Amino acid sequence: MYNLEKTIFNIKEAVKNSIKLAIEKDILKGENEFNFEVEVPTEKGHGDLTTNVALVSSKIFRTSPRNIAQTIVDNIDITSIDVEKIEIAGPGFINFYLKPNFFINTLKEIKTLKNKYGILDYGKKEKVMVEFVSANPTGPMHMGNARLGALGDCLSSILKKAGYDVFKEFYVNDAGNQIEKFGLSLDVRYRQICGDKELEMPEECYQGEDIIDLAKEFFGKYSDKYVDLPFEERKKALVDFSLPKNISRMKKDIEKYKIIYDNWFYESDLHKNGEVDKIINLLTKKGYTYEKDGSVWYKSTEFGLEKDDVLRRQNGIPTYFAADIAYHYNKFVTRRFSKCIDIWGADHHGHVARMKGSMDALDIGGNKLEILLVQLVRLLKNGEIVRMSKRTGKAIQLSDLIDEVGADSARFIFNTHEACSGMDFDLDLAVKEDSQNPVYYVKYAHARLCSIFRQAVEKGIDLNDIENADLSLLTEESEKNIIFFMSMYPIEILKSAVNYDPTKITRYVISLATLFHKFYSSCKVISEDVELSRARLYLCETIRILIKDVLDMFKVEAPEAMN
């Protein structure tokens with residue numbers, strides 16, 4: 001239990017004991033059975049911590065919240081808590097002002113634990129899979145994939161920090177209709193290259209330049225060797241040649257984006273291993289399928305959907321939905337993940353209820369499947385929407401974005417907007433070297449902290465002496481503000497994990513950098529007062545620890561110097 005959490009717990013217990021004592025004295029009449037919060041107030045000036053206990057218990061005790069608050073304050077044992085002063089405010093809020101000891105203990109805790117500060121046991125090592133990006137392997141990755149990747153990877157790091165056993169997976173859709181379309185698209189381009197000038201590309205095929213490039217590569221290796229072979233044989237050769245190249249490129253781009261998956265899972269394996277047929281048979285045994293017009297249908301309507309879904313087509317080929325059910329069955333039952341988090345693009349919203357319903361049908365439980373839908377990204381340059389890369393003349397891809405702004409900026413900026421909101425990604429802002437660029441702003445704070453320590457050494461201060469600094473000297477408002485804010489870090493980790501929202505931590509570290517810059521402007525760290533200098537250097541070290549911890553967690557460089 002961290003310092004702030006422990007303090008909140010102790011205050012809550014002291015309030016409960018105060019109410020219990022008031023009931024025993026017959027000052028309050030009612031049962032001491034209700035929930036209340038002790039939390040950080042939203043507005044500065046309302047104490048370090050506040051409680052709504054008097055407001056939520058007013059009906060129980062049949063008296064005004066102000067009377068209840070006064071009774072609690074009159075009967076509370078202040079010696080059992082790190083509280084210097086208690087005030088009653090507004091309609092009956094009780095505000096607590098903490099003793100200097102709280103701030104000293106927080107700094108010592110961070111300095112001692114270093115990058116272990118903020119690690120929680122909330123997840124209890126629960127086995128959780130986070131599946132994200134899972135881009136179609138028939139073409140290059142785009143901006144939506146970039147946002148999914150940043151969100152998924154950073155969320156995985158936060159869940160691990162919160163105590164979960166996290167497993168990251170990329171699901172490769174290398175089977176089904178999109179591969180059929182991929183093969184047909186390659187076949188048309190290949191035959192065109194071989195001299196069939198009359199052949200036109202069907203509208204439903206993939207029209208991108210990447211298909212032409214792959215067909216040219218195939219021709220470069222095999223010439224017209226396959227042009228007179230049967231269509232299926234030629235198509236298979238084209239797919240077998242091209243798909244591994246696309247997947248290899250995806251892996252290279254993902255690695256460049258600083259994402260390392262624990263596993264790349266191939267949809268084709270589900271078909272080869274008979275897992276898709278197994279799932280259709282299992283749903284049939286449970287009475288959730290029927291045959292109609294030669295197809296096997298799943299009774300989606302029994303799970304709240306408007307219409308039923310096909311699992312196996314008339315031609316005997318399973319649908320993507322059937323494979324997706326088999327994939328999730330594999331996650332939960334075969335590999336025994338107790339919770340699975342899928343991060344999808346917003347265009348998959350219609351698939352959410354279907355997948356959750358199928359987990360209910362299989363007695364796994366749709367509540368164990370969490371699905372985050374990520375909204376679209378618009379790229380801006382010079383204030384205008386950008387769709388094409390000037391360098392390649394093609395649609396902007398993940399690799400283009402990394403080349404343009406760097407993985408650090410992309411990962412960090414994508415996590416400044418919640419998944420549920422659309423966002424504009426400003427390419428100009430992402431490369432700015434000033435405070436407007438959030439990732440530069442945070443990196444600069446870390447570099448400035450490192451610079452302070454270099455200056456301290458230059459001025460003859462022995463950094464080993466900082467360990468014995470008199471932290472009670474840190475009484476300035478800007479010092480107390482930043483120390484209290486750092487005490488909130490474990491709570492912010494928890495909130496971020498519970499809400500599957502990495503933006504809470506991105507915003508936290510931006511705010512921490514702001515508080516540091518304010519402190520640096522108002523307080524001279526290294527001065528003629530040696531003892532005060534040591535105390536402020538101790539404070540700076542704890543700030544540096546937390547900023548670096550967040551940047552490391554998000555795989556963003558924490559520089560020691562910047563131009």
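Everything here concerns the structure above.
Residues numbered from 1 in each chain as written. Predicted model: local features only at pLDDT ≥ 70, side-chain atom pairs only at ≥ 80, totals over all residues. Heavy atoms only, no water.

Visitor: Is there a simple way to think about the pairing of strand E9 (residues 295–298) in this case?
Guide: For a regular strand, side-chain orientation follows a simple rule: the groups alternate between the two sheet faces. Residues of E9 alternate between two faces, with Ser 295 and Trp 297 on one and Val 296 and Tyr 298 on the opposite face, all of them buried. Across 4 bridges, the pairing between strand E8 (residues 289–292) and E9 is antiparallel. Directly across from Thr 289, in E9, lies its bridge partner Tyr 298. Here E8 hands over to E9 after 2 residues, with Asp 293 in that stretch at a positive phi of 55°. (Buried < 20%, exposed > 50% of the residue type's maximum accessible area, 1.4 Å probe, protein only. Helix = DSSP H or I, 4+ residues; strand = E, 2+ residues; numbered from the N terminus. Pairing = 2+ DSSP bridges.)

Visitor: Could you clarify how one ought to interpret the side chain of Ser 496 in this entry?
Guide: Tracing the backbone through its elements, the reader meets Ser 496 in helix H19 (residues 489–498). Setting aside anything within four residues of it in sequence, one finds Ser 496 in contact with Ile 158, Asp 501, Pro 502, Lys 504 and Ile 505. (Contact = heavy atoms within 4.5 Å.)

Visitor: Which parts of the structure should I look at to understand unusual backbone geometry?
Guide: For residues besides glycine, phi is generally negative; the peptide bonds are generally trans as well. Look at Asp 26: it is not a glycine, yet its phi comes out positive at around 65°. Relative to the helices and strands, Asp 26 resides in the loop between helix H1 (3–24) and strand E1 (38–39). One non-glycine residue, Asp 293, lies in positive phi territory at about 55°. Assignment of secondary structure puts Asp 293 in the loop between E8 and E9. Residue classification places Asp 293 among the exposed residues on the basis of a relative accessible area of 57%.

Visitor: Whenever I open this one, the sheet that holds strand E14 (residues 384–385) confuses me. Can you help?
Guide: Strand pairing in a sheet relies on backbone hydrogen bonds. The paired strands run either parallel or antiparallel. Sheet architecture is open: 3 strands sit in the order E14-E13-E15, paired in mixed fashion. Looking at strand neighbours, the two that pair on one side only are E14 and strand E15 (423–426), the edges of this open sheet. Bridge analysis of strand E13 (residues 377–381) against E14 gives 2 bridges, and the strand direction is antiparallel. Looking at the pairing, Leu 380 lines up with Ile 385 of E14.

Visitor: Could you clarify how one ought to interpret a nonpolar patch on the surface in this entry?
Guide: Judged by side-chain polarity, Leu 55, Val 56 and Phe 93 come together as a nonpolar surface patch covering roughly 200 Å² of accessible area. Tracing the chain through its elements places Phe 93 in strand E4 (residues 93–98). Of the residues examined, Phe 93 reaches a relative accessible area of 32% and is grouped as partly exposed. (Patch = residues over 30% accessible without salt bridge, like charges linked within 9 Å, V, L, I, M, F, W, Y side chains within 5 Å. Areas by Shrake-Rupley, 256 points an atom, 1.4 Å probe, with all protein chains shown as cover. Salt bridge = Lys/Arg side-chain N within 4 Å of Asp/Glu carboxyl O.)

Visitor: Sorry if this is basic, but what is going on with helix H11 (residues 275–285) here?
Guide: Side chains three or four residues apart in an α-helix point the same way, a direct result of the helix having 3.6 residues per turn. For H11, the complete set of buried residues consists of Glu 275, Val 276, Ile 279, Ile 280 and Leu 283. Here the buried residues of H11 occupy an arc of 145° about the axis, which is enough to place them on one side. Taken together, the buried residues of H11 touch helix H10 (267–272), E8, E9, strand E10 (309–312), helix H12 (320–334) and helix H13 (349–361). Positive backbone phi, at 85°, marks Gly 287, one or two positions downstream of H11. (Arc of directions from axis to C-beta.)

Visitor: What should I look at first to understand the sheet that holds strand E12 (residues 369–374) in this one?
Guide: Spatially, 5 strands are ordered E7-E6-E5-E11-E12 in an open sheet, and the strand pairing comes out parallel. Looking at the sheet topology across the chains shown, the edges are occupied by strand E7 (263–266) and E12. Taking the axes of each pair of neighbouring strands and ignoring which way they run, one obtains an average angle of 25° across the sheet. Pairing of strand E5 (residues 127–132) with strand E6 (residues 165–172), which is carried by 5 bridges, proceeds in the parallel orientation. Bridging across to E6, Met 129 finds its partner in Phe 167. Contacts from H13 reach strand E11 (339–345) and E12 within the one sheet, and its direction differs from that of E12 by about 175°. (Axes fitted to C-alpha atoms, helices over the stretch in contact; angles between N-to-C directions.)

Visitor: Hey, could you run me through the pairing of E6 in this one?
Guide: Of all the 8 residues making up E6, 6 are buried; the element is thus mostly covered by neighbouring parts of the structure. A crossover links E5 with its parallel partner E6, the connecting element being helix H6 (residues 143–161), and its sense is right-handed. Here E6 runs beside E7; their pairing, made up of 4 bridges, is parallel. Bridge assignment links Phe 170 to a residue of E7, and that residue is Trp 264. (Right-handed = clockwise from strand over helix to strand, strands pointing away.)

Visitor: Please explain the pattern of salt bridges as it appears in this structure.
Guide: Any two side chains of opposite charge can pair, given that their charged atoms come close. Per the stated rule, a full pass over the model turns up 36 salt bridges. Two residues, Asp 342 and Lys 331, come together in a salt bridge whose shortest N-O distance is 2.9 Å. One end of the pair, Asp 342, is in strand E11; the other, Lys 331, is in helix H12, and 11 residues separate them in sequence. Under the relative-accessibility criterion, Asp 342 is labelled buried at 0%.

Visitor: Help me understand the state of the cysteines in this model?
Guide: Disulfide: a covalent bond connecting the sulfur atoms of a pair of cysteines. Scanning the entire structure with this criterion turns up 0 disulfides. Note on Cys 523: no disulfide assigned, nearest cysteine sulfur contributed by Cys 540 at a separation of 9.6 Å. Residue Cys 523 is classed as buried on the basis of its relative accessible area, which comes to 4%. (Disulfide = S-S within 2.5 Å.)

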